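A closer look at the structure
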Amino acid sequence: LSPRLLVGRIDPEHGRVGGHKQDVLDVAWNPFDDNMIASSSEDTTVKIWQIPDEGLGKTILDEPLLTLEGVHQRKTHQVLWHPVANNILLSASFDPLIVIWNLESGEPAQEIDCHPDLIYSIDWNTNGSLLATTCKDKKIRVIDARKGNVIQVQDKSCLQPFISISTMLKIC
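Predicted model only: the values in this text are computed from it and were never measured.

With that settled, the discussion passes to the side chain of Gln110. In this fold, Gln110 is placed in strand β10 (residues 107-112). A relative accessible area of 17% places Gln110 in the buried class. For Gln110, the side chain forms a polar contact with the main-chain oxygen of Arg146, separated by 2.4 Å. In contact with Gln110, not counting residues within four places along its chain, are Ile98, Val99, Ile100, Ala145, Arg146, Lys147 and Gly148.

Spelled out as structure tokens, the structure:
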């Protein structure tokens, strides 16, 4: 019987990923590896997980492939894989700090500290050279991902209603 056709209560012994010390706030699948996920947590860490081809079954996966830590000082609320470069991952936290991680070394490739307040949303442009962010200060920033500097700041009220960050990145 296909798992998609099953309904009802999940087996209490079902497999799960559980290695963070506090609540997980975001999860993202790696676009280059169908079995790899990244998770971010209130414990300030980002963890990379390798899911077996056959799935978890009843296994509790508690040992991550890699733990990224020591940079964020507050809850890490977002993780986002680079759209074209394998082994590059972005994390954003309540610091408010953006870290672009090199997963081959496990070290930050870039730390971006340009927001005066909480980062609400972040996204890469299609080739991964730019980032767009929204912030509690009601401004949208376009950031050069390699240099870490702000290229453009736009007051959100000046934009067309319902424009998405992805659309803005295509315009820029």
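Structure's up, so let's keep going.
Right, let's talk about the side chain of His72 for a bit. Here His72 lies in the loop between β6 (66-68) and β7 (76-81). Among the polar contacts made by the side chain of His72, one reaches the side chain of Asp95 at a distance of 2.9 Å. Discounting residues that sit within four places of it in the chain, His72 has contacts with Thr44, Ser91, Ala92, Ser93, Asp95, Leu97 and Val99.

All right, on to the sheet that holds β7 then. Spatially, β7-β8-β9-β10 is the arrangement adopted by the four strands of the open sheet, whose pairing is antiparallel. Two strands in the sheet have a free side with no partner beyond their single neighbour: β7 and β10. Going from strand to strand, the sheet's axes swing by 25° on average, the running direction of each strand aside. In this structure, β7 lies alongside strand β8 (residues 88-93), joined through five bridges in antiparallel fashion. Residue Gln78 lies in a different strand from β8, and its bridge partner there is Ala92.

Calculation criteria
In this numbering scheme, every chain counts its residues from 1 along its sequence in written order. Only residues with pLDDT of at least 70 are given local features in this predicted model, and only at 80 or more are side-chain atom pairs given and counted; all residues enter the totals for whole chains, interfaces and linings. To get the side-chain values, all heavy atoms of the structure are used, and hydrogens and water are removed first. Comment: elements are numbered from the N terminus, with helices defined as DSSP H or I runs of at least four residues and strands as E runs of at least two. Categorising residues by exposure relies on relative accessible area from a 1.4 Å probe, with only protein chains included: less than 20% of the type maximum marks a residue as buried, more than 50% marks it as exposed, and the intermediate range marks it as partly exposed. Here a polar contact is recorded for every N or O atom pair within 3.5 Å, except that within protein the pair must consist of a potential hydrogen donor and a potential acceptor, and residues adjacent in sequence are included only if both atoms are side-chain atoms. Every residue pair with non-hydrogen atoms within 4.5 Å of one another is taken to be in contact. Following DSSP output, two strands are said to pair if at least two bridges run between them. To define axes, lines are fitted to C-alpha atoms, for helices over the stretch in contact only, and angles between the resulting N-to-C directions are given on a 0 to 180 degree scale.

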